[in-house]
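# A closer look at the structure
What follows is the residue order along each chain.
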2 protein chains.
Amino acid sequence: MSDKALFAPPGAAADLEEGSALTPKFDADGLVTCVATDARSGEVLMVAHMNAEALAKTIATGQAWYYSRSRATLWRKGETSGHSQRIVEMRIDCDQDAVLIKVEQTGGACHTGRRSCFYRAVPIGKAGAVTLEFRDERMFDPKVVYRGQE
Amino acid sequence: MSDKALFAPPGAAADLEEGSALTPKFDADGLVTCVATDARSGEVLMVAHMNAEALAKTIATGQAWYYSRSRATLWRKGETSGHSQRIVEMRIDCDQDAVLIKVEQTGGACHTGRRSCFYRAVPIGKAGAVTLEFRDERMFDPKVVYRGQE
């Protein structure tokens, strides 16, 4: 399945921004950024990437599919962990290079065992080395949940 | 100001994920992804990129600084439009390649005149060409607000 078969190529800025055609602007690696939020609380759960096939599968199935840069493979969120994401709503941004999905998250989104990947705060307005502050506890044991890797 | 002077280099996965040192994992272009949300409503406003200098300036000043890939310049959000972002909270994700900022947004975040860049919905579960659905109205006239470009 080639990328060209899945989505029309992006046009000029005016078409990208004010048009009603989905013409994603994939980067040099063929990816768009995807932000997943909890559909009920609005909490940002994770940031990942989708290639054309992952985006098309997500739209077609209503389940979140991503592309792993480190493993160079397409994956369905939750295929190892069971912690899948059902899409409640999808949005595309102005220049069509970022996707927002509001999801119903089963279990935790983060492979470290937390609900969200953003479990550490960065203090603002301090000079010098930055010490992160942990804000969220683990909700599952990743060693138990992941026999493979997600 | 070199990147190395600003942040220590990222270590192994265990350090990145469970450590309390901010050691951002910049990509091949020297960037991390940044998601900005409205600190009060939780709404996702925009996705952009930060290089080491933009991230360091954001942490030091409490105002959002980004790096524009298309213009290859550092910029402070609002420097042209007045639509600045005051950081209420910053978070870093598990593998330290994405930053979340919860902001007090003056005016609209999107250069098209909307509050959020994610003003169009992508229908889920439909086959064939996708028709986007506009969900948000303009809150300002970009032709008036931007004399230059942001």
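Right above here is the structure, for reference.
Below is a summary of the structure that appears in this document. Every value quoted in this text rests on a predicted model; they were computed, and no experiment measured them.

Conventions and cut-offs
Within each chain, residue numbers correspond to sequence positions counted from 1 in written order. Following the order in which they are written, the chains are lettered starting with A and the ligands numbered starting with 1. Given that this is a predicted model, residues contribute local features only at a pLDDT of at least 70 and side-chain atom pairs are listed and counted only at 80 or more, while totals for whole chains, interfaces and linings are drawn from all residues. Neither water nor hydrogens contribute to the side-chain values; these are computed over all heavy atoms in the structure. Put simply, two rings from Phe, Tyr or Trp (the six-membered ring, in Trp's case) pair if the centres are within 6.5 Å, and we call them stacked under 30 degrees between planes, edge-to-face over 60, tilted for the rest. Here, a charge over a ring is recorded when the distance from Lys NZ or Arg CZ to the ring centre is within 6 Å and its angle to the ring normal is within 35 degrees. The secondary structure listing takes helices from DSSP runs of H or I that are at least 4 residues long and strands from runs of E that are at least 2 residues long, numbered from the N terminus. To sort residues, take the accessible area from a 1.4 Å probe on protein chains only and compare it with the maximum for the residue type: under 20% means buried, over 50% means exposed, and anything in between is partly exposed. The copies were overlaid with a least-squares fit restricted to C-alpha atoms from residues scoring a pLDDT of at least 70 in each copy. Only heavy atoms matter for contacts: two residues are in contact if any of them lie within 4.5 Å across the pair. Note: buried area is the sum, over both parts, of the accessible area (probe 1.4 Å) each one loses when the two are combined. Any carboxyl oxygen of Asp or Glu within 4 Å of a side-chain nitrogen of Lys or Arg constitutes a salt bridge here. N or O atoms within 3.5 Å of each other form a polar contact, as long as, within protein, one can give a hydrogen and the other can take it, and as long as residues adjacent in sequence are counted only when both atoms are side-chain atoms. Strand pairing is assigned whenever DSSP identifies at least 2 bridges connecting the two strands.

Further remarks concern the packing of aromatic side chains. Taken as a whole, this structure holds 8 aromatic pairs over all chains when the rule is applied. Residues Y66(A) and W75(A) carry aromatic rings whose centres are separated by 5.3 Å and whose planes lie at 40° to one another, so their mutual orientation is tilted. K57(A) extends its terminal NZ or CZ atom over the ring of W65(A), reaching a point 4.5 Å from the ring centre. Sitting above the plane of the Y119(B) ring, R114(B) keeps its charged end 3.9 Å from the centroid.

As for its placement among the helices and strands, T37(A) is situated in strand β1 (residues 32–38). Judged by relative accessible area, T37(A) falls into the buried class, the value being 3%.

Once that is clear, we can look at the relation of the copies chain A and chain B. For the pair chain A and chain B, the relating rotation is 180°, the translation along its axis is 0.0 Å, and the fit reaches an RMSD of 0.0 Å. Expressed as an axis order, the relation between the two copies is that of a two-fold axis. Residue G42(A) of chain A places its C-alpha closer to the rotation axis than any other residue of that unit, at 2.8 Å. A symmetric contact is evident, with 100% of the interface residues of chain A recurring at the interface of chain B.

The next thing to look at is the interface of chain A and chain B. Accessible area lost during the coming together of the parts is what is often quoted as the interface size. The partner chain B presents 52 residues to the 52 residues of chain A that form the contact. Of the roughly 4,100 Å² buried between chain A and chain B on both sides combined, carbon and sulfur atoms contribute 58%. Applying the counting criterion to the chain A and chain B interface returns 10 salt bridges. Across the pair E18(B) and R114(A) runs a salt bridge, and its minimum N-O distance is 2.7 Å. For the pair chain A and chain B, the interface holds 36 residue pairs in polar contact (both at pLDDT 80 or more).

This paragraph deals with the sheet that holds strand β5 (residues 85–92) of chain B. Strands sit in the order β8(A)-β7(A)-β5(B)-β6(B)-β1(B)-β2(B) across an open sheet of 6 strands; the sheet is mixed. Where the open sheet ends on each side, the last strands, each with one partner, are β8 (133–134) of chain A together with β2 (44–50) of chain B. Judged from the 7 bridges that link them, β5(B) and strand β6 (residues 98–105) of chain B form a sheet pairing that is antiparallel. When the bridges of β6(B) are listed, M90(B) appears paired with I101(B).

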